[in-house]
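Given next are the chains, with one letter for each unit.
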Amino acid sequence: MSIETEQKTPALPRLVVVISGRGRNLQAIIQAIDAGELNAEIALVISNRADAPGMQIARLAGLNCVCIEASGFRHREDFDRALAARISAARPDWVVLAGFMRILSQAFVERFDGKLVNIHPSLLPRYKGLNTHERALSNGDTRHGASVHFVTPDLDDGPLIRQGSIAVAADDTPETLAERVMAEVEQRLYPAALAELVAGRVFFKDGVVWRDQRLQEHCPHDHYDRLALS
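Residues numbered from 1 in each chain as written. Predicted model: local features only at pLDDT ≥ 70, side-chain atom pairs only at ≥ 80, totals over all residues. Heavy atoms only, no water.

**Q** A description of the overall build of the chain should follow, citing residues and the corresponding values.
**A** Each helix and strand in the chain was counted, giving six helices and ten strands. Looking at the chain residue by residue over its 230 residues, the buried ones come to 43%. Within the chain, contacts between residues separated by at least 24 positions form 59% of all contacts whose residues are at least 6 apart in sequence. Within the structure as shown, the chain displays about 12,800 Å² of accessible surface, and the carbon and sulfur contribution to it stands at 48%. (Helix = DSSP H or I, 4+ residues; strand = E, 2+ residues; numbered from the N terminus. Buried < 20%, exposed > 50% of the residue type's maximum accessible area, 1.4 Å probe, protein only. Contact = heavy atoms within 4.5 Å. Areas by Shrake-Rupley, 256 points an atom, 1.4 Å probe, with all protein chains shown as cover.)

**Q** Tell me what's going on with the packing of aromatic side chains, and back it up with residues and numbers.
**A** Counted by the stated rule, this structure contains four aromatic pairs. Ring centres of F108 and F112 lie 5.1 Å apart, and the angle between their planes is 55°; this geometry places the pair in the tilted category. Looking at F108, the relative accessible area reads 3%, which means it is buried. When the ring of F150 is compared with that of F204, the centres are 5.0 Å apart and the planes differ by 20°; the resulting orientation is stacked. On the criterion of sequence distance, the pair formed by F150 in strand 6 (residues 143-150) and F204 in strand 8 (residues 202-205) is long-range, its members being 54 residues apart. The residue whose ring lies beneath R102 is F79, and the NZ or CZ to ring-centre distance is 4.5 Å. (Phe/Tyr/Trp six-rings, centres within 6.5 Å; stacked < 30°, edge-to-face > 60°. Lys NZ or Arg CZ within 6 Å of the ring centre and 35° of its normal.)

**Q** Tell me about the pairing of strand 4 (residues 94-97), residues and numbers included.
**A** Both faces of the sheet carry side chains from a regular strand, because those side chains alternate between them. Burial along strand 4 is two-sided: the face carrying W94 and V96 and the face carrying V95 and L97 are both buried. Direction of pairing for strand 1 (residues 14-19) relative to strand 4: parallel, over a ladder of four bridges. For V16, the partnering residue across the bridge sits in strand 4 and is V95. In this sheet, strand 5 (residues 116-120) lies alongside strand 4 in parallel orientation, the contact comprising three bridges. Its bridge partner being in strand 5, L97 is matched across the sheet by N118. (Pairing = 2+ DSSP bridges.)

**Q** So what's going on with the sheet that holds strand 4? Residues and values would help.
**A** Ordered by their spatial adjacency, seven strands build an open sheet running 3-2-1-4-5-6-7, and the pairing between neighbours is mixed. Every interior strand has two partners, whereas the edge strands, strand 3 (65-67) and strand 7 (160-167), have only one. The average angle at which neighbouring strand axes cross in this sheet is 20°, direction not considered. Contacts from helix 1 (residues 24-34) reach strand 1, strand 2 (41-47), strand 4 and strand 5, with the element oriented near 170° to strand 2. (Axes fitted to C-alpha atoms, helices over the stretch in contact; angles between N-to-C directions.)

Written out as structure tokens, the structure is:
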């Protein structure tokens, strides 16, 4: 008598994507998954705004989505606890902030330490916070771009994962520069960074981001070098 062993398909890494607005980076992540460029699944999309256009993108893609508005809570910490509980219930491997326009509490960040990532529209450490495109133009920068980083309690100060940039045009305005950074950098950069993270090619250890530098798959030992950013 033979016993057939059913082989189960390994579970895909689970992403929870948190948004506040248009959802253009969410759309790029969805497209990367559909194209086979990002080996993951979006377990849940959460917005803190019921009218966020990104929620419609999530619904059209058939994704689970929920809105948790801060106006329903008396204190910031209460909102953060509710948000953290809903994220945890989705059992994420990675929590992906994609245009989430709230500063998160230290308790929230520490709860998801090492698996909470964000994309910021500047070449960090330059221009933390808001109005990054205006500040780049005001300072006469010749290049401007975006950074994917691990989230730490300090605003836009976490270790970098990847950066990308474009040349600033002589006729750029804050609006045109923002659009070009989004379309030419962010929507390519975030899925690529997430693909490295879910594959284990980049990881955060001892306060440092490390990148897998193996040149051959048959290499008997994993060899990692510190992440170098161009």
